[in-house]
Amino acid sequence: MTHANLKLHEPVGDEVKTTTCYMCACRCGIKVHLKDGKVRYIQGNPDHPVNRGVICAKGSAGIMQHYSPARLRKPLLRVGERGKGEFREIEWDEALALATQWLGDIRRRNPDELAFFTGRDQSQALTGWWAQQFGTINYAAHGGFCSVNMAAAGMYTFGGSFWEFGEPDWEHTRYLMMFGVAEDHDSNPIKLGLGKLKQRGAKLLAINPVRTGYAAIADEWLGIRPGTDGLFVGALIQELLNHDWVDFDYLVRYTNAHHLVVRDPGGADDGLIARDAAGTPLCWTRDAGAARADAVGIAPVVVGEYTLDDGRRAVPAFQLLAERFLAAEYSADAVAPQCGIDAAAIRRIAAEIADAAFRQEIRLPVAWTDVWGRQHSEMIGRPVSLHAMRGISAHSNGFHTCRLLHTLQMLLGAIDTPGGFRYQPPYPKGVPPANRPGKSRKPDGTLDAGPLGYVHAPEDLLVDAEGNPRRLDKAFSWQHPLAVHGMLQSVIANAVAGDPCRIDTLFLFMANMSWNSAMNTTGTRRMLVEKDDGGEYKIPRIIYVDAYASEMVEFADLVLPDTTYLERHDCISLLDRPISDADGASDAIRHPVVQPDRDVRPFQDVLLDLGTRLGLPGCLREDGSPRYPGGFPQYMVEHERAPSVGLLAGWRGRDGSREGTGEPNPQQLERYKEHGAFWHAEVPAAGRYYKMANRDYLDWARGLGFVGSTHAQVMELYSERLQRFRLAAQGHGAVQPPARERERVARYFDPLPFWYAPFEWSHVDLARYPIAAITQRPMFMYHAWGSQNAWLRQITARNFLYIHPQTAQALDLRDDDWVWVESPHGRIRVPVRCHNGTEPGTVWSWNAIGKKRGAWKLAPDAPESQQGFLLNHVITELLPPRAGGYRYANADPVTGQAAWFDLRVRIEKAADEPETQPHRVEVARA
Amino acid sequence: MTMLPAPARRKLGLVIDLDTCVGCHACAVACKEWNDGGQFGPLPDEDAYGAEPLGVWFNRIHSYEVQPEVTPDSQGNGPLQQLYKTGFVENAPAMTVHFPRSCLHCEKPDCVTVCPTGASYKRAEDGIVLVDEEKCIGCKLCSWACPYGAREYSEKRGVMQKCTLCVDRIYNESFAPAERQPACVMACPTRARHFGDLGDADSAVSKLVAEREGYALMPELGYAPVNRYLPPRPRRNGCGDKAAAADHTETLDRDQLPPLLRWVDKLLSR
C-alpha cells in the first residue's frame, strides 16, 4: 500500500544558477533551480553572507512574481488623455528615438529640466552617474520618503547608520532595543539575528506603538506613542547621567565629548570647536591646560569652563550635552505622560541597560592595535545594541530623535564595541563621508560631482543667489539642508506648482508615485493630469520604467518595460548600497537565469543605450563610438569610477587576482557566477571592533580602497557642522539663509540632539484629532509590487484599520465595522479590526495592500481595490501656509524626510452603507 | 478502512519554536513553492488574481492574541479615560503568538484509518503520513477525521493533499547532505523550525524538546502527534529583574551635589 511511484531521489531540476534576490531590499543570495527552461524552485543560498541559506516568504514567492500576468510586455505610447490608460504598443526603436528626442532637447536647453528619480534605488551607482553625465541636479532615489532621517543622523553622528551601514552584534549583545516599526529593513539578517539572540537568552525590548512581528517575540513591549521616542530616549539619557552610568573613557577616546566648544554668545565663533593654529580641535587637561584633543596619554576634562590662550571661554562638549539632558523636561516623570510609558518603567529600563552595559561587560581575548599605535590585549564591550528604522524616521522630528538614539549608544560606549552596534564595511568612511553634491556643470555638460552627496557647510547647498532652492525637490536648500537622499515625495507637487521651478520631463523608475508612494494620493493623481492655460500638462512629459502594470503606468506618456529580476544583470556595488556585514565586505551581481519571453529590456541597458544616443560623455569613446555597446554587463566590468575602482570589488586586475581595487578583469562576471554571484572579504579578527580607531581594520579597509587614510574617525556627540548652519542663520559667514528661513534653520540646526513635537501636532486641533495613525509593511509583502503576487495575496488581500479594543469600545466599534478616518486633509471610509497589541492612542494599517481598481492585472472585484485602502489619501504633502502664504513640505526640517507618521486622525463610526460599497475617499481640499 | 503499520522506532517530525516564530510566513511559502513544482504538486490556486484567492497550502501560519483583563486604575478610570487623562493606560500588554500549523504525523492517525481506499497511509519506516493521489477518491473522510485541520482538499484536482515532511527532500541523494531537510526548515529565517527523529531520545530534536519542555498539540485527543512545539520562553519584562531594580532606587540629591560637579575631578584616559 505504498506509493507505486514515490521518487525519493529526484533532482530538483536540470540546472541550478546562483544569483541575488530582488523581492525586497535585503539582497539575499538565491539558488534558482530550472526545469525544462522554467523556474522550478528558488532557495536561499547557504553560502551567502547575507542570508546563510534562509529565504523569506517574498523570496520564495519570487517565482510567482517572475511569472506574474501583470508583467508589461512591450513599450507603450500614450494615445488618449493622460491617466486614462490608453496606449499603443510601439517598437523599442521608436520608443528610444522618442525618449532621445525629448531628453536631447532638454539637455541642449537646460539639463535641470529633466527630473530623474528612481523608486527602487539599488542601481544608484549607475543611475546617479547617468544623471551626472546628463548634467541634471534633479536626481534622487526613494530615501526621502523612506528613512533618510535614520541614514543622515547616523552618517552625521558616527559615520554609520542602522540597517545598511551597521548592525547589532548578534553574537554578543545582551540587550537589544528595537524602536518603531522595523519589520522590513532588513528582513533575513534581523530574523537570523533575533533567533540567535533569543537562544542566548539576551533581552529583546520593543519600543513600538504596535506589537506584531518582532515585537511579538520581544521580552517586553512598550507601546509608545508615535513621535515621542526622542523624549523616551532623552529620559534614559538623563537616568544614565544621574547615576553616572556613562563610559567616559570611551567618550574621550572615540567621540568629541572632550572637545572644547567656544562660548561667545552672539559671536561668529559661538558654538564652534576651539582649534589650534593647525585647525586641530582642542581639549582641556588639568596638568597642561589646553591640549590637542587628538593627543594620547592625556587626561582631558569633560566639565568646567576654561579660558583659552586667546582669552575666549570654552566648555567641553559633554558639559553642554549633560546640561541639556539633566533638565527637568527630560525627566522620566515629565516625559511619561507624553510617551504613554510609565516613569518607573523608564527608570527601570535605564537601570537594565546600564546593568547590561557595565555589569555584564564583555572582554574578548582578541589583541588589536589602535590608530595611535597602542596595543590592546582584549576588546572591551558594552553589550547593549539598538535598531531603528521607519518608525523613528518617518516623523518631522526624526533626524534629532535618531541622533538621540546614537547619543545613548555613545554614552554607553556601545558603538562598534563587542555586544553593541557594529559598522559594516566600507563604513565608517568619514563623519559624514567627504563627497559633496554636484553643483555646477562643466563645459561638456556633465555635473561636477554626483547629484547626491553630503553637505558639510552652507557653502555646499544648492541654492541660488537669493538663497532659494535650486533643486526641484528643494533638497540641499535652506529648507532641508541635509536632504542626502533627495525628496522624491515633493517632486510632483513642486513641478506642478512651479515652486521652485517647472520641468519638462519626469523620468521615473519603479516609483509608484500615483499611489502608495505619494503623500496625498488623490491630489497627486489630479496633479499628474493638471494642465496650464494653454492646455499643456503642467508636467509636460512623463517617462516611466517598470516591469509591472502598477498604478503609475497609466500616467506615463511613454512606458519602457523592464525585465524581471531573474532576466537581467544587476550590480550590488560597494559604491552604492552595500550588502556587507560587520565581519566582512560583500558585493554581488544578478545575471539572467532565464530569458524574457516578452519584448522587454533591462532598465540599466536602456539607460546606457539612451546615454549613448544622447551622446553623454561617459557613454562614448573619444572617437565618438559607443563606450558600452555590450550594455550593463560591460559597464559592470569595465567602468572605472576612479582609476582601478569599479562597481565590483571582487576578482579585479587583468588576471582576477586583486580585491578592492585593480584594473578591470574581462572575466570578472564569470568569476562571480562561479562563486555564488557574490564576493566576500572577511575583516581580520583584530579589526572587527573599534573600526573607527582600529589600525588593523583601517589598514585592511585602505588596502581595499574603502578609506583614504587610517586616521581615527571621531564620532560627534556634538555636531559642529549643524552649529555652522545655525551661525549662518544668526547672520554669520559668507553664505546665509534668506530672512524667512533664519528662525527655522537656527532652531533645528541645534548641535545637540533634542526633542520637539512633530509639526502636525501644532497644526491640527489635537482635541478634534486625538489619535495617531501609522502604517507598516507585513513581513510577507514588503513592497507594493508584492501584493499582486498570487501566493502572497492569499495570505492577505485586504487590510484593516487596527485599533485597541478599549478605544474601539469607547467609539462603539466592533470588528469589521466601517469607520471614517478623518484628518484635516480628507477622510476615508475603511473597515476596522480590534488589536490588543496597539497603543490605545494609535491606529494603524498595513501599507500598500490597497490597490487602484484595474491596476496590477487584478480582477475588478479584487479585495485590494474593494476593501483595501491607503492612509496616504489623508496625509498631506505640504504643511499649512505660514504667514505670507508659503508652505513647507510635510517633512523633517533637517533632512526632508517625509513625515508620514506625524498623521493625526479622528475615528467615527460610518453609517451603514450597502455591503458592496467599497472603501471611499473624500478629500477636503479643492 | 486502512491499517496502520506496526509502531516504528523512527518518528520523523518537526519541532517548532514558538518563542522565535515571528509569523513571517517564510516556511509556508517555501513549502508551497517546493511542493507546487514537485511530485506532490501542483498545489492549485483558485481565483489567483480575483476576488477570493484561495489555494492549497500544506503549512499555514495563524497569529493569535492573548490579552489579560484590563483593570480600571486606582481612580476607577477605564482605559480610554486613563489615556486621555493621564496619557497612559495601566494595562497589561497583550501577547501575540504566531502558530505554524501543518500535519503532525500522528502515531495514531485517524485520517489514515478512515481512508476507504488505502490512499492515506503511514510509512512504516519513518512514520510519515502521506496520501497516494492515485488511490484518493476525494471523499474527504480524512479531513473530517483530522482534528488539527492539516489536510487540504484540492477542488481543482479532486484529491486530498497534505504535508509530506518533504519526503522527496530528506532522503534525496541528489542533494548535498545539509539540504536533506524539509523546505520549511531550510527557509525559516529565525531558525525556529527543526527536523529530526523524535523517536530517538538522543537526537538533537529530542534533546531540544526535553530542554525546552516542548509539548504535543492537544494530546488528550489521543492521536499522539509526533511534531512538538516549544513554548515561548519566560518573558523578562523587568518584574523579576532584581539586580537592576536595586540600582535604580538610588537617587541623586541635586541640591546637595549639582550633577556636573561630580565629573569635575573625573580622571579620564585617552
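As the structure is a prediction and not an experimental result, all values here were calculated from the model. (Residues numbered from 1 in each chain as written. Chains lettered and ligands numbered in written order. Predicted model: local features only at pLDDT ≥ 70, side-chain atom pairs only at ≥ 80, totals over all residues.)

Turning our eyes to something else, we now look at the overall build of chain A. Helix and strand counts for chain A come out as 26 helices and 37 strands. In summary, chain A has a C-alpha radius of gyration of 27 Å against a globular reference of 29 Å for 926 residues, a match within 12%. Principal-axis analysis of the C-alpha atoms gives chain A an extent of 80 × 80 × 70 Å. With 926 residues in all, chain A has 65% of them scored as buried. Taking the contacts inside chain A whose residues are at least 6 apart along the sequence as the reference set, 68% of them involve residues at least 24 apart. (Helix = DSSP H or I, 4+ residues; strand = E, 2+ residues; numbered from the N terminus. Rg over C-alpha atoms; globule rule 2.2 N^0.38 Å. Buried ≥ 20, exposed ≤ 12 C-beta atoms within 10 Å, placed from the backbone. Contact = placed C-beta atoms within 7 Å.)

This next bit is on the sheet that holds strand S25 (residues 558–561) of chain A. All names here are of chain A. Judged by pairing direction, the sheet is mixed, and its seven strands sit side by side in the order S5-S4-S25-S24-S23-S6-S7 without closing on themselves. Single-partner strands in this sheet number two, and they are strand S5 (87–89) and strand S7 (139–140). One ladder, built from two bridges, connects strand S6 (residues 114–118) with S7; its direction is parallel. From the neighbouring strand, Phe117 faces S7, where its bridge partner is Ala140. (Pairing = 2+ DSSP bridges.)

The next point concerns the UniProt feature "domain: 4Fe-4S Mo/W bis-MGD-type" (unreviewed entry) in chain A. UniProt records the feature "domain: 4Fe-4S Mo/W bis-MGD-type" (unreviewed entry) at residues 14–70 of chain A, using the numbering of this structure. Helix makes up 16% of residues 14–70 of chain A and strand 35%, and the two end C-alpha atoms of the span are 28 Å apart. (UniProt positions renumbered as here; feature names shortened; annotations may be inferred.)

All names here are of chain A. The buried fraction of strand S9 (residues 175–179) is high, at five of five residues. Neither face of S9 is open: one carries Tyr175, Met177 and Phe179, the other Leu176 and Met178, and all of them are buried. Two elements, S9 and strand S10 (residues 203–207), share five bridges in a ladder whose sense is parallel. When the bridges of S10 are listed, Phe179 appears paired with Ile207. Pairing of S9 with strand S21 (residues 384–388), which is carried by five bridges, proceeds in the parallel orientation. Paired with Phe179 across the two strands is Ala388, which belongs to S21.

All names here are of chain A. By domain assignment, chain A separates into domain 1 (76–148 + 438–561), domain 2 (158–252 + 328–426 + 715–748) and domain 3 (759–923). Contacts between the two partners involve twelve residues from domain 1 and, on the opposite side, 14 residues from domain 2. Taken together, the residues of the side of domain 1 that touches domain 2 sort by class into six nonpolar, four polar and two charged. (Domains from an automatic or database assignment. Nonpolar A, V, L, I, M, F, W, Y, C, P; charged D, E, K, R; others polar.)

Counting residues at the interface gives 80 residues for chain B and 92 residues for chain A. Those elements that provide at least two residues to the side of chain B that touches chain A are helix H1 (26–36), strand S3 (54–55), helix H2 (79–86), strand S5 (95–102), helix H5 (167–170), helix H6 (183–187) and helix H8 (242–247) of chain B. Looking at which element gives the most residues to the side of chain B that touches chain A, the answer is H1 of chain B, with seven residues. For the side of chain B that touches chain A, a count of residues per class yields 40 nonpolar, 21 polar and 19 charged.

All names here are of chain A. Cis geometry is found at the peptide bond from Tyr427 to Pro428, where omega equals 5°. Cis geometry is found at the peptide bond from Asp499 to Pro500, where omega equals 10°. Its place among the elements puts Pro500 in the loop between helix H15 (491–497) and strand S23 (505–509). Phi is positive for Ser644, which is not a glycine, with a value near 75°.

Moving on, we get to the confidence of the model for chain B. All names here are of chain B. In this model, chain B carries an average pLDDT of 87, and 82% of its residues clear a pLDDT of 70 or more. Note on residues 79–91: pLDDT is under 50 here. Beyond four places in sequence and across chains, it has 31 contacts. Low pLDDT, under 50, characterises residues 239–246; the predicted model gives this stretch nine contacts beyond four residues in sequence or across chains. Across the assembled chains, the prediction reports ipTM 0.96 with pTM 0.96. (pLDDT = per-residue confidence, 0-100.)

Residue and element names in this part refer to chain A. Here helix H12 (residues 343–359) contains 17 residues, and its C-alpha end-to-end distance of 23 Å stays within 8% of the 24 Å for a straight helix at 1.5 Å per residue. Where burial is concerned, most of H12 is hidden: twelve out of the 17 residues are buried. Within the span of H12, buried status applies to Ile346, Arg347, Arg348, Ile349, Ala350, Ala351, Glu352, Ile353, Ala354, Asp355, Ala356 and Ala357. (Expected span 1.5 Å × (residues − 1).)

So, about the nonpolar core. Of all hydrophobic cores here, the largest spans 370 residues; its most connected members are Phe232 of chain A together with Ala30 of chain B. When neighbours within four sequence positions are excluded, Phe232 of chain A is seen to be in contact with Ile207, Ile224, Val335, Cys339, Ile341 and Ile346 of chain A. (Core = buried A, V, L, I, M, F, W, Y, C linked by C-beta atoms within 7 Å.)

Right, let's talk about the packing of helix H3 (residues 92–109) of chain A against helix H17 (residues 603–614) of chain A for a bit. The description of two helices packed together rests on the angle between their axes and the distance between the axes. All names here are of chain A. Between H3 and H17, the least distance of the axes is 9 Å, while the angle of their chain directions is 55°. Put simply, H3 runs oblique to H17. The way H3 lies across H17 gives a crossing that is right-handed. Residues Leu96, Ala99, Thr100, Leu103, Gly104 and Arg107 of H3 form the contact with H17, whose own contacting residues are Asp609, Leu610, Arg613 and Leu614. The residue inventory of the contact of H3 with H17, partitioned by class, reads five nonpolar, two polar and three charged. (Axes fitted to C-alpha atoms, helices over the stretch in contact; angles between N-to-C directions. Parallel < 35°, antiparallel > 145°, perpendicular 65-115°, else oblique. Left-handed = near helix turned anticlockwise from the far one by under 90°.)

What follows deals with helix H6 (residues 188–199) of chain A. Residue and element names in this part refer to chain A. For H6, built from twelve residues, the straight-helix expectation of 16 Å at 1.5 Å per residue is met to within 8% by its first-to-last C-alpha distance of 17 Å. Burial runs high along H6: ten of the twelve residues are buried. All buried positions along H6 are accounted for by Asn188, Pro189, Ile190, Lys191, Leu192, Gly193, Leu194, Gly195, Leu197 and Lys198. Looking at the buried side of H6, the elements it contacts are strand S8 (166–168), S9, S10 and helix H7 (213–216). Positive phi appears at Gly201, one or two residues downstream of H6, with a value of about 85°.

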